[in-house]
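Observations on chain architecture
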Amino acid sequence: MGSLFGVRIVLAPEATATALLFVLGGIALGTVSGLIPGLHANNMALLLAAGATAIPGPPRYVGAAMLAAGTVHTFLDVVPTLALGVPDPAMAATALPGHELVLAGRGREALRLSALGSGLAVVLAVPLAIPVTEAVTAIYPTLREHLSTVLAAVAVVLVTTEPSYRATVGAALALVASGGLGVATLDLQPGGLVAAGGMLAPLFAGLFGAPVLLEAMGGSGVPEQDDTTVAMSRSAVGGLALVGTLSGAVVGFIPGVSSAIAATGALLAVPYRYGARGFVVTTSGVNTANAVFALFALQALGSPRTGVLVAVEEAGVPLALPLLLASVALAAVAGFLLVLTLGDRYLRLVGRVDYTRLSLAVLGLLVVLSFVLAGGIGVGVFAVATVVGMVPQRFGARRATLMGVLLVPLIVGA
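As a starting point, this report considers the structure included with it. (Residues numbered from 1 in each chain as written. Predicted model: local features only at pLDDT ≥ 70, side-chain atom pairs only at ≥ 80, totals over all residues. Heavy atoms only, no water.)

**Brief notes about a nonpolar patch on the surface**
Note the threshold: For patch detection, residues must exceed 30% relative accessible area and be free of salt bridges, and they are connected within 9 Å for like charges or within 5 Å for nonpolar side chains (Val, Leu, Ile, Met, Phe, Trp, Tyr). Surface exposure here means Shrake-Rupley accessible area, sampled with a 1.4 Å probe, where a residue is shielded only by the protein chains that are shown. Any carboxyl oxygen of Asp or Glu within 4 Å of a side-chain nitrogen of Lys or Arg constitutes a salt bridge here. Numbering of helices and strands runs from the N terminus, with a helix taken as a DSSP run of H or I at least four residues long and a strand as a DSSP run of E at least two residues long.
A grouping of Leu20, Leu21, Leu24 and Leu330 is seen on the molecular surface, where their side chains present a nonpolar patch of about 390 Å² in accessible area. At 3 residues, helix α1 (residues 13-35) tops the list of elements feeding residues into the nonpolar patch. Structurally, the position occupied by Leu20 is in helix α1.

This is the structure we're talking about:
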């Protein structure tokens, strides 16, 4: 028996076994979605919601499976980001720093840094959830009123902290171009083959995935990776995971602020000396902490802040927090272990394949996904986004400025 926020749940041995089977099923789905380049956890969750009525079992177990799938996805989405250069939207900010580590032969270390960032985020988010819920609920009206100013400040800092004048110009162009693309396309109604589609998949596949694949063609591909030693102190990893966790809380409670936006802002808090390693830990923490904080936000404010929780609400899942938090915890343990095992194998496999052929195959997969999720218009958006996504590299600017695709529409609409 457990209780939390006045919610009580009793699990008999048979019910516990059934719940565990559902959670394991969710872990399997999250593993698949996390390892497929360009596929977002929200798409998988909405597909689950659409088929929830056909799944035998109490709705609360279906909800546990959805939360487990979303949590595991936040651990494993770093794998195609590092190996193929195709990030989940939530991992877009870490794409280029992660690539730096892979090209230096430190991909296995990067996987472990990401797993630590995500795992510590769950450990930290659970005890912080209640005080953070109370604090954010209190300041929410003021923060929401000035959200556009805060986001504009993030955009300005992203551009002005570039290391050279040329890079600053490129960052500004990338911010404006991606922002205009976001304004023009985010509200379009996709005509995909599945009801769980949307414009985010083709947008982020084009902005962050396709340019990396195109630039890598003809190159030597993923080099041999060194050992798994983590070249950061425990205190540094813990501190950066805490930064990511608190940033993830912003995502959970503030409407319109996604994990990608919070991760972009969190990068500004990472000390320069930690470089790419610090970015990987922090952004992974943002991505996973959101899974916990958004659940508490739904309980406290009655409004779902993530696609997974929208799917949970649409499926009529009761908010049995002990069960749902237990599913998140189990999924986090599984996700941590899966990153270490599947991630290393993923890198080795990609390293053995001709990278030009692999890049062409992945590009083809992204075009297919864009069509399935958003129809012909999705393919067109993917193509335009690919052109815009090549701007930062041409000027030596950070790819994080392409997050203007979300920042600008939020600033304009706030």
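**Quick notes on helix α7 (residues 147-160)**
Applied cut-off: By this rule, a helix spans an expected 1.5 Å times one less than how many residues it contains. With a 1.4 Å probe rolled over the protein chains alone, any residue whose accessible area is under 20% of its type maximum counts as buried; one over 50% counts as exposed, and the rest are partly exposed. The arc in question is formed by the directions pointing from the helix axis toward the C-beta atoms.
Along its 14 residues, α7 runs 20 Å from first to last C-alpha, staying within 8% of the 20 Å computed at 1.5 Å per residue. Restricting attention to buried positions, one finds in α7 the residues Leu147, Leu151, Val154, Ala155, Leu158 and Val159. In an axial view of α7, the angular spread of the buried residues amounts to 130°, which keeps them on one side of the axis. Facing away from the buried side of α7 by more than 90 degrees, the exposed set consists of Thr149 and Thr160.

**Quick word on the environment of Val408**
What counts here: Whether two residues touch is decided by their heavy atoms; if any such pair falls within 4.5 Å, the residues are in contact.
Following the sequence through the fold, Val408 ends up in helix α17 (residues 404-413). Val408 sits in the partly exposed class, given a relative accessible area of 23%. The spacing of Val408 and Leu175 is 233 residues in sequence and 8.1 Å in space, taken between C-alpha atoms. Here Val408 is in contact with Leu175, Gly179 and Val183, once residues within four sequence places are set aside.

**What to know about the nonpolar core**
For clarity, the threshold we go by: Side-chain atoms within 4.5 Å are what join buried Ala, Val, Leu, Ile, Met, Phe, Trp, Tyr and Cys residues into a set we call a nonpolar core.
Ranked by size, the top nonpolar core spans 93 residues in total, and within it Phe293 and Val350 carry the most contacts. Broken down by element, the residue count for this core peaks at 12 residues, all from helix α14 (residues 321-352). When neighbours within four sequence positions are excluded, Phe293 is seen to be in contact with Ala125, Leu128, Ala129, Val132, Thr245, Gly248, Ala249, Gly252 and Phe253. Ala174, Leu181, Phe208 and Ala385 belong to the second largest nonpolar core, which has 16 residues in total.

**Quick word on helix α12 (residues 275-301)**
Counted only if it meets this: By definition, a residue's bend is the angle between the axes fitted to the seven residues ending there and the seven starting there.
Counted at 1.5 Å a residue, the expected span for α12 with its 27 residues is 39 Å, and the 37 Å between its end C-alpha atoms agrees. Where α12 bends most, the angle comes to about 35°, and this point is Asn290. Counting buried residues in α12 gives 21 out of 27 residues, a clear majority hidden from the surface. One or two residues past the end of α12 sits Gly302, with phi positive at roughly 75°.

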